[in-house]
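Working through the structure, step by step
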Amino acid sequence: MTTSASPPNTGGRLDATKMRRISLASVIGTAVEWYDLFLFGTASALVFGKVFFPEFDGAVGTILSFLTFASAYLARMVGAVFFGHFGDRLGRKSMLLISLTAMGVATFAIGLVPGYDAIGVAAPLTLLGLRVIQGLALGGEWGGAVLMTVEHAPHDRRGFFGSMVQVGVPIGTLLANGAFLLVATNMTADALLSWGWRIPFLASAVLVGLGIYIRVHIEETPSFQTVREEGAKAKIPFFALMRRYWRQVLLGGVATLSTGSTFTLMVASGVSYGTNDLGHSKSLMLWAVMLSCGIAFVAIPYFGRLSDRVGRKPVIYAGIAAEAVLAFPFFWLLDTRSAPLVFVAYALMMVAFSANYGPIATFLAELFGTQVRYSGLSVAYMLSGLLGSAATPAVTAWLLSLTGSSSSIAWYVLGAAVVSLLALLLLAETRFGDIDESGVTTRPAARPIGAGA
């Protein structure tokens, strides 16, 4: 398939009012999912080491807590294959409702798990099991939410509407950290460790109910409806995906790696480093995360819209390069132990992350044909999480304990950015492709990576 600069047929697309409703439904539902997921990350950095791994010293307990945090990323890959299969076979909407419900049940149950002091080793094992369920759910959630907006969107605004789903990440993180900040500042440290940390997990039931209510009223995408009406659905989408698009899955996942490593650095590793190694208060670090997420709330859709004008890859290139440039200054600013400079470090890195993250959802969606797009988008993105987000907290904690220097973490961030840039170089611009056909995935002249049939 070759690249075409002419706009595709947009027949069947929704009007502006309905498009806004679809976008809002995806943003709210995704924000709820990420709230549940990052709530675990915040708790891992601040309390889980003491509540579920008290037999180990502080550093080892934190590493074990983060390894439990990482377990969900393996489950996310399984969830991506499972929900991707049924999303490509049965539709986007039903999978979104199922994944959101599963996430909500697991998160609420985490708030009820007794600590190690009460039930011993069964406590961390139960926590691990529920974390795995969270991962399975998110493996199906994100891809479906992206497709509900991108496959409905006008061709010249796909980048913007795809980035609106990405806004769910800072919103969810903002809510998760805000919930922890609220309970942490209104009770003693002993009360927080005893029972206070459970409140944000139990409160998630309200948000999940809201998300389910909104998603019940959204419509199936025109791209999937066309495939269903024509009887063109893949029999086993994952096999069809890997037969035709395995290079896009691999390269797309690696190209997206730095988004996960950078964001997890800020919301998990950075919080742990700031509190445990630099002596900053938990409140200060949570405020730094929250204010930077406020920046991302504006910056992500800005860069998504910019990708509609100049292309996906130039914006993503700029974001990855900025993450690499800021890797060392981020820690230099943190190491000053100056509260204002902590906020500056987080603000700068969040802008870089936003440029990288804003267009990436639409870019990945445009790599795959409609018949396997749910599977392809989900598997590629969850692969990036497995390679980047999953390992980052445990690896950075290990590097810090080994070297005693934050520069080792900066090298890790820089390395992730370089690897992502190299993978992105091998994928061609997708901005002008017809998403109702098979996606524009490579340089047409050479046809090196998934050039179509």
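The structure displayed is predicted, hence computed values, not measured ones.

In this section: the environment of Leu-250. Examined against the element boundaries, Leu-250 turns out to sit in helix H11 (residues 237-255). Assessed through its relative accessible area of 41%, Leu-250 is described here as partly exposed. Along the primary structure Leu-250 and Gly-376 are separated by 126 residues, whereas in three dimensions their C-alpha atoms are 10.0 Å apart.

Time to look at the nonpolar core. Of all hydrophobic cores here, the largest spans 119 residues; its most connected members are Phe-48, Trp-142, Trp-197 and Tyr-346. In terms of residue count, helix H1 (residues 16-52) provides more of this core than any other element does, 15 residues in total.

This next bit is on a nonpolar patch on the surface. A contiguous nonpolar patch, built from Val-418, Leu-422, Leu-425 and Leu-426 and spanning about 350 Å² of accessible area, is present on the exposed surface. Note that Leu-425 resides in helix H19 (residues 407-425).

In this structure the tally under the stated criterion is 8 salt bridges. In this structure, Arg-158 and Glu-366 form a salt bridge, with 2.8 Å as the shortest nitrogen-oxygen distance. Placement of Arg-158 in helix H6 (residues 158-166) and of Glu-366 in the loop between helix H16 (360-365) and helix H17 (373-389) is noted, with a sequence separation of 208 residues between them. Across this residue pair, the class does not change: Arg-158 and Glu-366 are buried.

Turning next to the confidence of the model for the protein. Do not read the predicted coordinates in detail wherever pLDDT is low. Of all residues in the protein, 89% attain a pLDDT of 70 or more, and the chain-wide mean is 83. Long-range and interchain partners of residues 1-12, a stretch whose pLDDT sits below 50, account for 23 contacts in this model, where long-range means more than four residues apart. Low pLDDT, under 50, characterises residues 438-453; the stretch is placed with 55 contacts to residues that sit more than four places away or in other chains.

Glancing now at helix H7 (residues 168-184). Side chains three or four residues apart in an α-helix point the same way, a direct result of the helix having 3.6 residues per turn. Taking 1.5 Å per residue as the helical rise, H7 with its 17 residues ought to reach 24 Å, and the 24 Å between its terminal C-alpha atoms agrees with that figure. All of the buried residues in H7 are Gly-168, Val-169, Pro-170, Gly-172, Thr-173, Ala-176, Asn-177, Ala-179, Phe-180, Leu-181 and Val-183.

Procedures and definitions
- Residues numbered from 1 in each chain as written.
- Predicted model: local features only at pLDDT ≥ 70, side-chain atom pairs only at ≥ 80, totals over all residues.
- Heavy atoms only, no water.
- Helix = DSSP H or I, 4+ residues; strand = E, 2+ residues; numbered from the N terminus.
- Buried < 20%, exposed > 50% of the residue type's maximum accessible area, 1.4 Å probe, protein only.
- Core = buried A, V, L, I, M, F, W, Y, C linked by side-chain atoms within 4.5 Å.
- Patch = residues over 30% accessible without salt bridge, like charges linked within 9 Å, V, L, I, M, F, W, Y side chains within 5 Å.
- Areas by Shrake-Rupley, 256 points an atom, 1.4 Å probe, with all protein chains shown as cover.
- Salt bridge = Lys/Arg side-chain N within 4 Å of Asp/Glu carboxyl O.
- pLDDT = per-residue confidence, 0-100.
- Contact = heavy atoms within 4.5 Å.
- Expected span 1.5 Å × (residues − 1).

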